[in-house]
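Here's the letter readout for the chains.
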Amino acid sequence: MMYKFWLLLVIWLGSLSVSKAQQQDAMININAPINGKTVSFTEFLDALEKANDLVPNDGKLYDYIVKDVKVRFIQKIDKAGMDKRFFKNGPEIVIRPDLRISNIDWDPQFWLVPRNITFAGNVYFTGTNGIKALFTECRFKKAFAVLSNNGEFLDFKKCTFEGGFRMQRSTLIDYLKFDSCRFDIAEKVDYQTLNLGLEPRTLFIDNKANNLDMTVQYCSFDVHPKNRPNPQYFISLQNSTFSNLKFIKSDIKTSMDLQNSSISNNFQLHNTNVHDHILLFGLNINPLGTRMEWGLVERKIAYYDVQHKQLYSINNLKQIPLVIFNDLFSSYAIVYSAFKSQGNRYSTNQCYIEWKNVETQYLKKLYEKNRSAKTYFTYWMNVFLKVFCDYGTNPLKSLYMSFYVLLTFALIYFFLPHNFGHSRSNFYKNLQMFGNYLRHPEEFFSKMTQKQQDIGDRHQMVRSFVDNSKQNKAPFYFFLIALPDQILYRISKSSNRLVVGYTKFIHRLRSSGKGFLKFLSDILFFLFILTIVLEHLIMRALDSTALSVNIFTTLGFGNTDAKGLPMYLTVLEGFIGWFLLSFFSLSLISQLID
């Protein structure tokens, strides 16, 4: 019996504490004195300010109810009241309690124009008719909600929203506009919206009633970093219908959700920086009326999986399940068609490249799941196309890659034996000739004299042509034909004379018998041999490059003079060259057709 007594006592005390907490949390309604009346705009705003006096500041939850009011422009009152404050401003007005403004019949011609007012509590417009409002330099410390209203326009200029903005089931004939506004959402948000059951939002539009014309320009959205991954704090415009949607020169530090919305006319994302993601799945837009730059959406196109509460984009490709890829492809297709309709080739190509990067990862995952030869080779073809020509969008890149391949093989040929060119035979022939100089200098000078004579004999035909042209008084261009050979002859003759003069100078120093001069001659001879080696290396590099070009372009492929391992490398390079040059041609033709 005592056990039952104590159990009943605990239950009774618990019920008392619960009922007390419910009484504390229950919303208490306080009606405005203008309810059921016809008032001026000035009197309406004065009634909102009187809420500070009528609502106790005792920690309980209160709603200040303004309802069933007709608001009309009364010139005698509003000219000295509302209009004067709107045009000349005035001291800040702070309205502390939560406001519930419902069933208001607004003047059919004149506007509600609050200015420099701080709303410390939640502000809800519900069931009003014919609203035309311009809020200027106002501050909303908690939520601002427009629910089930009919009106012409809502315009916010230089306003601050610390609790976000929400519009649902409302019709605005003209427009909804935010100009130079700030949305600052802190880490912990407690709006105490128990009566309406509304969770905090940044900018939330749920509009299916009519084609809304919405503009956001020169605005900033600063959501606390801890809240940014949460879809609740996205700019949520999903499942809505717009005639025009414009984001102009704004900074958005959160994600933007446009999924399953429709924009019939103009969609602009101009000079707007979205720091996180843009969700576009199911978005229906008019491609010809869309204006955006690729840099604004690059690496930001994403899909949100509601079931797993996870965002997927190109930034976390390895984590994307196979079933999600098609939804991501659909999002890229929307942006791609918009750029293509604009005639923006650069953005179209960049979007296509990122789209194909996602597809490449999809093929990799598909092969890991179902190992198919077709999938395997399709994946590697995508990888190859990405590396060498950006999936056919960049013909110049294939040329760059061709240049790198050509130089790589030229470097390999440089260190492997081949007989292409003349540097190899000339090098050892020259070394042997200058080596003989050390023992038989007279024989060396004789050979150099004979070499100079051979140069003159090779040039004899050119000299005969020039002399014959002079005798026949041929036109001047006859002499121009022989000019290159004349220049080469003089260079060869001068270089041979220089070598002979240099070696004779070394020989004189060496024959002097003095120790220092002999040492100097050895240094000069070493420098001479070093010059020959450098000449050989340069000619070897040129010959290797010429061989690589010859093979890469498949010109003269039947005569590569390559033996052993280089022979197999030439086959590989020829195949790569054919492949890359084909890609260059296809990419170029594709770009020309586009």
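Residues numbered from 1 in each chain as written. Predicted model: local features only at pLDDT ≥ 70, side-chain atom pairs only at ≥ 80, totals over all residues. Heavy atoms only, no water.

So, about the packing of aromatic side chains. Summed over all chains, the structure comprises 36 aromatic pairs. When the ring of Tyr-376 is compared with that of Trp-380, the centres are 6.4 Å apart and the planes differ by 65 degrees; the resulting orientation is edge-to-face. With Tyr-376 and Trp-380 both in helix α9 (residues 373–389) and 4 residues apart, this pair spans about one turn of that helix. Tyr-376 gets classed as partly exposed once you look at its relative accessible area, which sits at 33%. (Phe/Tyr/Trp six-rings, centres within 6.5 Å; stacked < 30°, edge-to-face > 60°. Helix = DSSP H or I, 4+ residues; strand = E, 2+ residues; numbered from the N terminus. Buried < 20%, exposed > 50% of the residue type's maximum accessible area, 1.4 Å probe, protein only.)

This part covers the nonpolar core. The biggest cluster of nonpolar side chains holds 93 residues, and the ones touching the most others in it are Phe-44, Phe-135, Phe-156, Phe-165, Leu-176, Phe-178 and Met-214. In terms of residues, this core owes the most to one element, helix α7 (residues 322–342), which gives 9 residues. The contacts of Phe-165, once residues within four sequence positions are left out, are Phe-144, Val-146, Phe-156, Leu-176, Phe-178, Phe-183, Arg-201, Thr-202, Leu-203, Phe-204 and Ile-205. Membership of the second largest hydrophobic core comes to 5 residues, among which are Leu-279, Ala-302, Tyr-304 and Leu-311. (Core = buried A, V, L, I, M, F, W, Y, C linked by side-chain atoms within 4.5 Å. Contact = heavy atoms within 4.5 Å.)

A few words now on the state of the cysteines. According to the stated counting rule, one finds 0 disulfides in the structure shown. Here Cys-138 stays free of any disulfide, with the sulfur of Cys-159 as its closest cysteine sulfur at 4.8 Å. When its relative accessible area of 0% is taken as the criterion, Cys-138 is described as buried. Here Cys-181 is not disulfide-linked; the sulfur of Cys-219 is the nearest cysteine sulfur, at 4.7 Å. (Disulfide = S-S within 2.5 Å.)

Next up on the list: the sheet that holds strand β6 (residues 117–119). An order of β4-β6-β9-β12-β15-β18-β21-β24 is seen for the 8 strands of this open sheet, with the pairing classed as parallel. Because the sheet does not close on itself, it has two edges, and the strands there are β4 (93–95) and β24 (273–274). As paired strands, strand β12 (residues 160–161) and strand β15 (residues 182–185) are joined by 2 bridges and run parallel to one another. Across the sheet, the residue bridging to Thr-160 is Arg-182, located in β15. (Pairing = 2+ DSSP bridges.)

Most of strand β8 (residues 129–136) sits out of view: 7 of its 8 residues are buried. With 7 bridges connecting them, β8 and strand β11 (residues 150–157) associate as parallel partners. Across the sheet, Ile-131 pairs through a bridge with Gly-151, a residue of β11.

What follows deals with α9. The end-to-end C-alpha distance of α9 is 24 Å, a good match for the 24 Å that 17 residues give at a rise of 1.5 Å each. Buried within α9 are the following residues: Thr-375, Tyr-379, Asn-382, Leu-385, Phe-388 and Cys-389. For α9, the capping residue at the N-terminal end is Ser-372, with a side-chain oxygen 3.3 Å from the backbone nitrogen of Lys-374. Once α9 ends, the next one or two residues include Asp-390, with phi positive near 50 degrees. (Expected span 1.5 Å × (residues − 1). Polar contact = N/O pair within 3.5 Å; in protein donor to acceptor, adjacent residues only side chain to side chain.)

A few words now on unusual backbone geometry. Located in the positive-phi region is Asp-68, a residue other than glycine, with phi close to 55 degrees. Examined against the element boundaries, Asp-68 turns out to sit in strand β3 (residues 62–72). For Asp-68, a relative accessible area of 39% puts it in the partly exposed group. Located in the positive-phi region is Glu-137, a residue other than glycine, with phi close to 55 degrees. Along the polypeptide, Glu-137 turns up in the loop between β8 and β9 (139–140).

Attention now goes to a negative patch on the surface. A surface patch of like charges, here negative, comprises Glu-43, Asp-46, Glu-49 and Asp-53. Looking at the negative patch, the element that brings in the most residues is helix α2 (residues 41–49), giving 3 residues. Topologically, Asp-46 is positioned in helix α2. (Patch = residues over 30% accessible without salt bridge, like charges linked within 9 Å, V, L, I, M, F, W, Y side chains within 5 Å. Areas by Shrake-Rupley, 256 points an atom, 1.4 Å probe, with all protein chains shown as cover. Salt bridge = Lys/Arg side-chain N within 4 Å of Asp/Glu carboxyl O. Lys, Arg positive; Asp, Glu negative; His and termini not counted. Charge placed at Lys NZ, Arg CZ, Asp CG, Glu CD.)

Structurally, the position occupied by Cys-159 is in the loop between β11 and β12. By relative accessible area, which is 1% here, Cys-159 ends up buried. Remark: the alpha-carbon pair of Cys-159 and Phe-183, spanning 24 residues in sequence, is separated by 8.6 Å.

The next subject is the confidence of the model for the protein chain. Scored by pLDDT, the protein chain comes out at a mean of 81, with 75% of its residues at no less than 70. Per-residue pLDDT, averaged within each element of the protein chain, yields its smallest value for helix α1 (residues 2–25) (48) and its largest for strand β21 (residues 251–253) (97). Across residues 16–24, where pLDDT falls below 50, the model places 1 contact with residues more than four positions away in sequence or in other chains. (pLDDT = per-residue confidence, 0-100.)

A separate point is empty space enclosed by the protein. The tally for this structure, following the rule as stated, stands at 4 cavities of 30 Å³ or more. Each pocket or cavity is described by its volume, and for the second largest cavity that value is around 60 Å³. If you trace the second largest cavity, you find it lined by Phe-44, Leu-45, Leu-48, Ile-101, Leu-112, Pro-114, Phe-119, Val-123, Phe-125, Phe-135 and Phe-144. Mapped by element, the contributors of at least two residues to the lining of the second largest cavity are α2 and β7 (123–126). Take the lining of the second largest cavity: its biggest share by element is 3 residues, from α2. Its residues assigned to classes, the lining of the second largest cavity shows 11 nonpolar, no polar and no charged. (1 Å grid on protein atoms, 1.4 Å probe; cavity = no way out; pocket = protein on both sides within 12 Å on 5 of 7 lines; lining within 4 Å. Points joined across faces, edges and corners; volume = space filled by probe spheres on them. Nonpolar A, V, L, I, M, F, W, Y, C, P; charged D, E, K, R; others polar.)

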